[in-house]
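Here's the letter readout for the chains.
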Amino acid sequence: MVILAALLGCVAAWRPGVPGRFDLVVPEGWTVTQNRRWLGNDVFTLADPAARATISLQLVHADEASARIPLDLLAETRALSMGRELGVENGWGAMHRIALDDHEAWAVTGQRRWKFAAADYTAVFARVGGRVAALTLQAPAGQLDASLRAWSTVLETLRFPLDRVPDDAPQFEVD
């Protein structure tokens, strides 16, 4: 019974053309390798096997404690802790404030190492309607630039439609 409930609780996080918590355009040449919603959290990953690069989006519930942390500090902490439980060592080189679908966001760029493998990454963190969105591009060390066009496509097209008030929504004023 528990297995059945678990299977029913795991659905696709994203479907093209179907309104959901997020929408985006999949860059040409990239494929969806992970697409699931589990316990209200979304995990979505794109891959380009030729570049050995991935773009991942995690949209997770923000607890009360993390909601009080300034977004820049949350971004730095999350970027440095990604994969730590698996032995990944992360470093960062720069942080910049940007906008992600009209939401305040912080972009962190850096390097990570696991055993003998090294990779470069850039990650963007934003708060979206009670959730934290973490969008990450990762590629082998020195090869991140080959995926920047795809990264730009995702950043420019990523939308969080359920976090928006429609333009034609009635406006009310408090009496």
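Here the structure is a predicted model, which is why all the values come from computation and not from measurement. (Residues numbered from 1 in each chain as written. Predicted model: local features only at pLDDT ≥ 70, side-chain atom pairs only at ≥ 80, totals over all residues. Heavy atoms only, no water.)

Visitor: Explain helix H4 (residues 148-157) to me, please; I cannot follow it from the model alone.
Guide: Along H4, the residues that are buried comprise Ala150, Trp151 and Val154. One side of H4 holds all its buried residues, which, seen down the axis, span an arc of 100°. Those residues of H4 that are exposed and angled more than 90 degrees off the buried face are Arg149 and Glu156. Buried residues along H4 sit against strand E2 (41-48), strand E3 (53-61), strand E6 (117-128) and strand E7 (131-140). (Buried < 20%, exposed > 50% of the residue type's maximum accessible area, 1.4 Å probe, protein only. Helix = DSSP H or I, 4+ residues; strand = E, 2+ residues; numbered from the N terminus. Arc of directions from axis to C-beta. Contact = heavy atoms within 4.5 Å.)

Visitor: How should I be thinking about the sheet that holds E7 in this particular structure?
Guide: Strand pairing within a sheet occurs via backbone hydrogen bonds; the two strands may be parallel or antiparallel. The seven strands are arranged E1-E2-E3-E7-E6-E5-E4 in an open sheet whose pairing can be described as antiparallel. Two strands close off the open sheet at either side, each with one partner strand: strand E1 (31-38) and strand E4 (89-100). Strand-to-strand, the axes of this sheet are offset by a mean angle of 15°, without reference to chain direction. By the bridge criterion, seven bridges tie E1 to E2 in an arrangement that is antiparallel. Along E2, the bridge assignment pairs Gln34 with Thr45. In this fold H4 packs onto E2, E3, E4, E6 and E7, with an angle of close to 170° to the strand it touches most, E7. (Pairing = 2+ DSSP bridges. Axes fitted to C-alpha atoms, helices over the stretch in contact; angles between N-to-C directions.)

By themselves, these observations are geometric and do not establish any function.
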